[in-house]
Amino acid sequence: MKTILTLDGLGHDVEAIKKLLRDHGYNVGTVSESAWKVEQALYASEKRYRNLFDNAPVGMLRSTPNGRVLSANPVFARILKYASPEVMMHRVNRTSIAETIFADPLRRQVMIEKVLSRPEWQVFEERLRCSDDSIVTCRFHIRAVREDNGRLELEEFIEDVSKRKSAEDKLRLTQYVVDHTSDQAFWLDENARVVYVNEAACRALGYSREELTGLSIYDFDPIFSQEEFKQNWQKLRGGDSRVLETLHQAKDGRIYPVEVRVNHVEFDGRKYHCTFVTDISKRKATEEILRQSEKRYRRLMEVLPIAAYTTDAEGRITFFNCNAAQLWGGEPRLNQDRWFGLKRLWYPDGRPMAFDESPMAQMLLHGKRFQGREILIERASGEYAHVIVYPEPLYDAEGMLMGGLNLLVDISDRKQVERQLLQANLVVENSPVVLFRWKAESGWPVVLVSKNITQFGYEPEEFLSGSLVFSSIIHPGDRARVEREVEVYVTRGSDRFEQEYRILGRGGKVRWVNDQTIVERDDDGQVTHYQGIIIDVTERKHAEERIKQSLAEKEVLIKEIHHRVKNNLQVVSSLLYLQSQKLHDPETKDLFAESQSRICSMALAHEQLYQSKNLADISLREYVRNLVSQVQQTFMMTQSPVVCTVSVADIMLDIEKVVPCGLLITELLSNALKHAFPEGRSGSVKVEIRRQGRQVNLCVADDGIGLPENFNYLEAETLGLQLVCALVEQLNATMQVHSDRGACFDISFSG
């Protein structure tokens, strides 16, 4: 290192000073004043360069193309986090710049090749490795220079651009995100005009970016007013933000709902509204679906035939249906009342239940289901109700308990029915009526039987376990008949039928039963089960047998009586006939004949009853034909010109009406034969009996000479007509007499 010492020779021994310096090892030379000035100028220049090199705001490096550092300033050392340029140079020059400093050593080689190919300054951005192995990004301004001695060196200026690169990367990322976000982004100036818009907004509205830029917000928002924009502008200047919903209209006219988030920003001295817009069409559709779902849910809850209500997590009632209000006896205040309308709670066994012990409270406390619990509630009115509760926890989207749903089934009526059924079962079990339910299968397996089956010596378990089927206790002599009758009833489609048959009790004891059966069918009409009510009618059957036997004996006795009455009447008739044969007076002889005819009509009735299987009623058709034939034999000559016709419906009458009816026919027919056809006139007599509803109409008519003028049968003095009037009265009948063309007697009585 050369050091220049300047000595002012005035007043000093210059040679003595030179000698002193040489004695101390310094080389001392002498220059001229002009040379000294040049030397001084060079020194000043080198000092300024060193000052610039050491204090420059950028890193400076002088190196060789093969990677050795010739000099480096402190800024470059600090960029690479070295303590000093000397420390850095010491480490780098052990290998090379590429190996020590560059994150990618090949990049240094490419840089050198480009620099050596052109003499001008060139710019590169490279990633450099610091002393602690961290990476920084630096910008290089570099050129190659050739020294006077011909050696090629590199001059390099290095700037740390890591922070700027990071900011630029963030800016690019931010711009990319804004440009490519799914939300629509708008920058609006104070006149509501678009100064920036992203691609999402262009796609949504159907405009290009150039078309949208410069448009007013009112051009695509049909409901947002200028006054509202001005109010928002003033309100948001204080740094607030706002979220609102409005409508946007696309270029093609389509209108869709949007959510707008507005912020007020200042950039580069100007104020803007930074607006992000989200198309909420799907959300609105989803909300509508949710509203409809909520509407259907509420409608469903309202029409549920049971009480239903919801609460929040604290138990406050948030919804209730009409059945819940009816159960409580009033309507609670929503979001306020808890345990509305309930005075006290009870366990099914009668123990009091605290409200916090109720299934609903336990569900809200533990977040678990408590299904199907039965409780007894006492309402504020003092009335009681049995209910089964079904509390269900409700959770929000995050899985947090938000409340509960409780369904209450009022089983008060069922409890009452159960009590009544229990009483009915007690009645049935202590009555002679046995209840059965059988499957419609071979043998009729029993699926239900009342406990009082024990009256026949069996236990219910014998049938329910399958050890016995119902057909096995039917008497073998009746079993085939019973099965056949059931098959006939089912084939006919009967739903109910009744049978009587014998069953075998324990030990083979025979009992008669009356079985009233109901047929159960499925939806296809197939028989699945039978329900039977069986009553022991053994005593009744025995009584019926005794009655039948007694009736048979009485029928024999009655027939014998009728037979004997008929015989006695015939004896009287024969006696009258024999007596009449000894009479010579025609009038007296006719009286005997009439009496004989009357007795024969009564005898004929008793004879027909004796021959009939039915002792109560007689067939008029058979009786009248025989009667008319007998009267004809009595009052008509063998070659009589009078013809008798009989027309009688098949009518059954009891003996109390047959006898007077027969006497009427006898009297009227005998009168016609005796008086209607004098002097051998020819003609006809008709006897007709018909039924009209509950009335029997008897008509005896002839076409003879007719009745006398002004004839009144009520004033008749003859025994025959007086007897006719008496018989009409006995039958409680009505009689009409006509004499237009002969005589006609119409008699009507109930039969």
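Relevant structure appears above.
It should be emphasised that the depicted structure is a prediction, and the values quoted were computed from it without experimental measurement.

### As for the sheet that holds strand 7 (residues 194–197)
The antiparallel open sheet is built from five strands, whose spatial order is 7-6-10-9-8. The sheet is open, and its two edges are formed by strand 7 and strand 8 (241–249), each paired on a single side. For this sheet, the mean inter-axis angle between neighbouring strands, taken without regard to orientation, is 30°. Taken together, the nine bridges between strand 8 and strand 9 (residues 255–267) define a ladder with antiparallel strand orientation. Looking at the pairing, His248 lines up with Tyr256 of strand 9. On top of the sheet, helix 10 (residues 226–236) reaches strand 6 (184–188), strand 8, strand 9 and strand 10 (270–279); it is set at about 115° to strand 10, its chief contact. Sheet contacts for helix 11 (residues 281–303): strand 8, strand 9 and strand 10; angle to strand 9, the most-contacted strand, approximately 130°.

### A short note on the nonpolar core
Counting 42 residues, the largest nonpolar core has Ile665, Ile689, Leu698 and Ile747 as the members making the most contacts within it. Secondary-structure elements contributing two or more residues to this core are helix 19 (620–635), strand 24 (642–648), helix 20 (655–675), strand 26 (683–692), strand 27 (695–702), helix 21 (719–730) and strand 29 (744–750). Counting residues per element, this core draws most heavily on helix 20, which supplies 10 residues. Judged by nonpolar contacts, the second largest core, of 28 residues, contains Val75, Ile101, Ile112 and Cys138.

### What about the packing of helix 20 against helix 21?
As a packed pair, helix 20 and helix 21 sit with axes 9 Å apart at the nearest point and diverge in direction by 150°. Classified by the angle between their axes, helix 20 and helix 21 sit roughly antiparallel to one another. Note that helix 20 runs across helix 21; the crossing there is left-handed. For the pair helix 20 and helix 21, the contacting residues are Pro660, Leu663, Leu664, Glu667, Leu668 and Asn671 in the first and Gly720, Leu721, Leu723, Val724, Leu727, Val728 and Gln730 in the second. In the contact of helix 20 with helix 21, the residues fall into nine nonpolar, three polar and one charged.

### What to know about helix 21
The terminal C-alpha atoms of helix 21 lie 16 Å apart, and with 12 residues this matches the ideal 16 Å at 1.5 Å per residue to within 8%. Restricting attention to buried positions, one finds in helix 21 the residues Gly720, Leu721, Val724, Cys725, Leu727 and Val728. Each buried residue of helix 21 lies within a common arc of 165° when the element is viewed along its axis, so the set occupies one face. Exposed and facing more than 90 degrees away from the buried side of helix 21 are Leu719, Glu729 and Gln730. Once helix 21 ends, the next one or two residues include Asn732, with phi positive near 55°.

### Regarding the pairing of strand 1 (residues 59–63)
Within strand 1, five of the five residues are buried, leaving the element largely enclosed by the surrounding structure. By the alternation rule, side chains of strand 1 split into Gly59, Leu61 and Ser63 and Met60 and Arg62, which are all buried. Pairing of strand 1 with strand 2 (residues 69–72), which is carried by three bridges, proceeds in the antiparallel orientation. The residue bridging Leu61 from the neighbouring strand is Ala72, located in strand 2. Taking the residues that link successive antiparallel strands as the turn, the strand 1-strand 2 hairpin has five residues, and the phi of Gly67 there is positive, at about 100°.

### Topic: the side chain of Gln499
Within the element layout of this structure, Gln499 appears in strand 20 (residues 496–504). For Gln499, a relative accessible area of 4% translates into the label buried. A polar side-chain atom of Gln499 sits 2.9 Å from a polar atom in the side chain of Glu485. Setting aside its immediate chain neighbours within four residues, Gln499 contacts Val482, Glu485, Val486, Tyr489, Val513, Asn514 and Asp515.

### Observations concerning unusual backbone geometry
A positive phi angle, near 70°, is found at Asp133, a position not held by glycine. If you trace the backbone, Asp133 turns up in the loop between strand 3 (122–129) and strand 4 (135–146). Unusually for a residue other than glycine, Asn710 sits at a positive phi of about 60°. Position of Asn710 relative to the elements: it lies in the loop between strand 27 and helix 21.

### Things to note about the pattern of salt bridges
Following the criterion strictly, the structure yields 38 salt bridges and no others. With a closest N to O distance of 2.6 Å, Arg107 and Glu126 form a salt bridge. Placement of the pair is Arg107 in helix 6 (residues 105–117) and Glu126 in strand 3, with a sequence separation of 19 residues. On the basis of relative accessible area, Arg107 is assigned to the partly exposed category, the value being 35%. Note on Glu126: relative accessible area 5%, which makes it buried. Residue Asp337 is joined to Arg333 by a salt bridge in which the shortest nitrogen-to-oxygen separation is 2.9 Å. Here the salt bridges share partners, and the residues they tie into one network are Asp183, Glu245, Glu259, Arg261, Arg283, Lys284 and Glu287.

Criteria and thresholds
Residues numbered from 1 in each chain as written. Predicted model: local features only at pLDDT ≥ 70, side-chain atom pairs only at ≥ 80, totals over all residues. Heavy atoms only, no water. Pairing = 2+ DSSP bridges. Helix = DSSP H or I, 4+ residues; strand = E, 2+ residues; numbered from the N terminus. Axes fitted to C-alpha atoms, helices over the stretch in contact; angles between N-to-C directions. Contact = heavy atoms within 4.5 Å. Core = buried A, V, L, I, M, F, W, Y, C linked by side-chain atoms within 4.5 Å. Buried < 20%, exposed > 50% of the residue type's maximum accessible area, 1.4 Å probe, protein only. Parallel < 35°, antiparallel > 145°, perpendicular 65-115°, else oblique. Left-handed = near helix turned anticlockwise from the far one by under 90°. Nonpolar A, V, L, I, M, F, W, Y, C, P; charged D, E, K, R; others polar. Expected span 1.5 Å × (residues − 1). Arc of directions from axis to C-beta. Polar contact = N/O pair within 3.5 Å; in protein donor to acceptor, adjacent residues only side chain to side chain. Salt bridge = Lys/Arg side-chain N within 4 Å of Asp/Glu carboxyl O.

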